[in-house]
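# Chains, contacts and geometry: an overview
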Amino acid sequence: MTTRYDIRRADLADLLSDQPAYRVDQIWDGLYRNLAAPGAMTNLPKDLRLILEELLPAALHPVSESTSDRGSTVKSLWALADGRLIETVLMHYADRSTVCISSQAGCAMGCGFCATGQMGFERHLTVGEIVEQVVTAAQRARPRRLGNVVFMGMGEPLANFDNVWTAVQRLHDDVGIGARHITVSTVGLVPGIDRIAAAGLPVNLAVSLHAANDVKRDELVPINRRYPLGELAAACQRYVRATRRRLSIEWAMIDGVNDGPDDAAELAAFALPLRAHVNLIPLNPTEGWPTAPSPRPTIDAFRDELGHRGVNVTIRHNRGTDIDAACGQLRSRFSRAATPNAAIDAAGSQLHARFPPIALSAPARRLPH
Ligand code: SAH
Ligand code: SF4
């Protein structure tokens, strides 16, 4: 099924071949500039609007929404057409907003501390499923501007490279979000990092490091066995040279695991040659992994140790912890029910009112003039 943000412009033109030529521009602008659903495109004849709603359905069906930090963090759980569940987090700041989006349902990378990793892999998201997360967030953010898009929700974006990159290009070319306002976060898939470096659209790259010696990282981040730190550092160097962007390194602070002075020394040795910026994030505890976040004084000492060694470092406040807004966590709460549909049922009757029946395929129809 082609959803409204999956369809390519050329295919839209084919679909509208019996319409006046300007319709393609009208609808493309409606979708990407005005962020409007076809049914709300009042510059189109009503019959056409109705048919487009049917032929080009939405990809995302709301299941639940929760807010925290006095309304400034909004977490949405969406069902896809096949019942898979994904999540998006929208964070509001004074005059702009940032959206954290998913690139896959589940994730195959198996990082033990991560709620998404604990679920395993379900499937890649399509281009439309990725783009629509941003579009709904931009609508929702109004009157604030959607300033930044970060691929830090569910999934490993570079494992779904083709769809993620087509979505990035749409966000850049059609929605008008600048490359410096888009951040791809990766667990360290070297071929994907090289593809970004070669792509000519210099998005920001965040590497989720969490350990800077191979023995420890093999444990924490199993994909390290395939792309060990030496190879990862070399790929990061190539990215920095090609894009002239500052790299960021994400480091979840895990009590007694990666928060000692030796860890700081290893991290500094990795980060300094890359001139990377390090973000320290207190671990969000998950049910499937019995460890705790580092205590605040330990995090402060770790930051100071990095600072003394000349590393650029900040401690990142974890938004929305009280609504499970960390990677994968709202979704995992729902998934305690056995199947996606059961999970949806578990959300109660109010949900059913908001959850439209899912159109699996639209009948072939001719478009009215
Ligand atoms: N797969 C990509 C992007 C999604 S995860 C990646 O790993 O980079 C987004 C970020 O959340 C990553 O930095 C990841 O390491 C971090 N993360 C996952 N689980 C976490 C947890 N329980 N506490 C803190 N950060 C977590
Ligand atoms: Fe996947 Fe990223 Fe979670 Fe690792 S941290 S399991 S790569 S989503």
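Every value quoted in this text rests on a predicted model; they were computed, and no experiment measured them.

### Observations concerning helix 9 (residues 229–243)
- Compared with the 21 Å implied by 1.5 Å per residue over 15 residues, the 21 Å span of helix 9 between its first and last C-alpha is a close match.
- Turning to helix 9, its buried residues number three or more, namely Leu229, Leu232, Ala235, Cys236, Tyr239, Val240 and Thr243. An end-on view of helix 9 places all buried positions within 140 degrees of arc, on one side of the element. Residues of helix 9 that are exposed and point more than 90 degrees away from the buried face comprise Gly230 and Arg241.
- Those residues of helix 9 hidden inside the fold are in contact with helix 7 (190–199), strand 9 (204–208), helix 8 (214–220) and helix 10 (261–271).
- Once helix 9 ends, the next one or two residues include Arg244, with phi positive near 55 degrees.

### A look at the pairing of strand 3 (residues 85–92)
- Among the eight residues that make up strand 3, eight are buried, leaving the element largely enclosed by the rest of the structure.
- Burial along strand 3 is two-sided: the face carrying Leu85, Glu87, Val89 and Met91 and the face carrying Ile86, Thr88, Leu90 and His92 are both buried.
- Pairing between strand 2 (residues 73–79) and strand 3: seven bridges, direction antiparallel. Paired with Leu77 across the two strands is Glu87, which belongs to strand 3.
- Hairpin connection between strand 2 and strand 3: a loop of five residues separates the two successive antiparallel strands, and Gly83 in this loop has a positive phi of roughly 90 degrees.
- Bridge analysis of strand 3 against strand 4 (residues 96–100) gives four bridges, and the strand direction is antiparallel. Within strand 4, the residue paired with His92 across the bridge is Ser97.

### Topic: the sheet that holds strand 10 (residues 248–253)
- Sheet architecture is open: ten strands sit in the order 1-2-3-4-7-8-9-10-11-12, paired in mixed fashion. In this open sheet, the two edge strands, each paired with only one partner strand, are strand 1 (61–68) and strand 12 (312–315). Strand-to-strand twist of the sheet, defined as the mean angle between neighbouring strand axes without regard to direction, takes the value 20 degrees.
- Note: strand 1 against strand 2, seven bridges, orientation antiparallel. Looking across to strand 2, one finds that Pro62 is bridged to Trp78.
- Contacts from helix 11 (residues 296–308) reach strand 10, strand 11 (277–282) and strand 12, with the element oriented near 165 degrees to strand 12.

### Let's talk about the site of ligand 1
- The full set close to ligand 1 counts 18 residues, and Gly155, Ser185, Ser208, His210 and Asn284 are the nearest of them.
- Contact between ligand 1 and Phe113: a nitrogen atom at 3.0 Å from a main-chain N or O atom of the residue.
- Note that an oxygen atom of ligand 1 is positioned 2.5 Å from one of the side-chain N or O atoms of Ser208.
- In terms of residue class, the shell around ligand 1 is made up of eight nonpolar, eight polar and two charged.

### Details of the site of ligand 2
- In the vicinity of ligand 2, the contacting residues are Cys107, Met109, Cys111, Cys114, Gly117, Gly155, Glu156 and Val187.
- Residues that form the shell around ligand 2 fall into these classes: five nonpolar, two polar and one charged.

### Overview of helix 11
- Along its 13 residues, helix 11 runs 18 Å from first to last C-alpha, staying within 8% of the 18 Å computed at 1.5 Å per residue.
- What helix 11 keeps buried is the set Ile299, Phe302 and Leu306. Seen from one end, helix 11 has its buried residues packed into an arc of 60 degrees, which puts them on one side. Those residues of helix 11 that are exposed and aimed more than 90 degrees away from the buried face are Pro297 and His308.

About the thresholds
Residues numbered from 1 in each chain as written. Chains lettered and ligands numbered in written order. Predicted model: local features only at pLDDT ≥ 70, side-chain atom pairs only at ≥ 80, totals over all residues. Heavy atoms only, no water. Helix = DSSP H or I, 4+ residues; strand = E, 2+ residues; numbered from the N terminus. Expected span 1.5 Å × (residues − 1). Buried < 20%, exposed > 50% of the residue type's maximum accessible area, 1.4 Å probe, protein only. Arc of directions from axis to C-beta. Contact = heavy atoms within 4.5 Å. Pairing = 2+ DSSP bridges. Axes fitted to C-alpha atoms, helices over the stretch in contact; angles between N-to-C directions. Near = heavy atom within 4 Å. Polar contact = N/O pair within 3.5 Å; in protein donor to acceptor, adjacent residues only side chain to side chain. Nonpolar A, V, L, I, M, F, W, Y, C, P; charged D, E, K, R; others polar.

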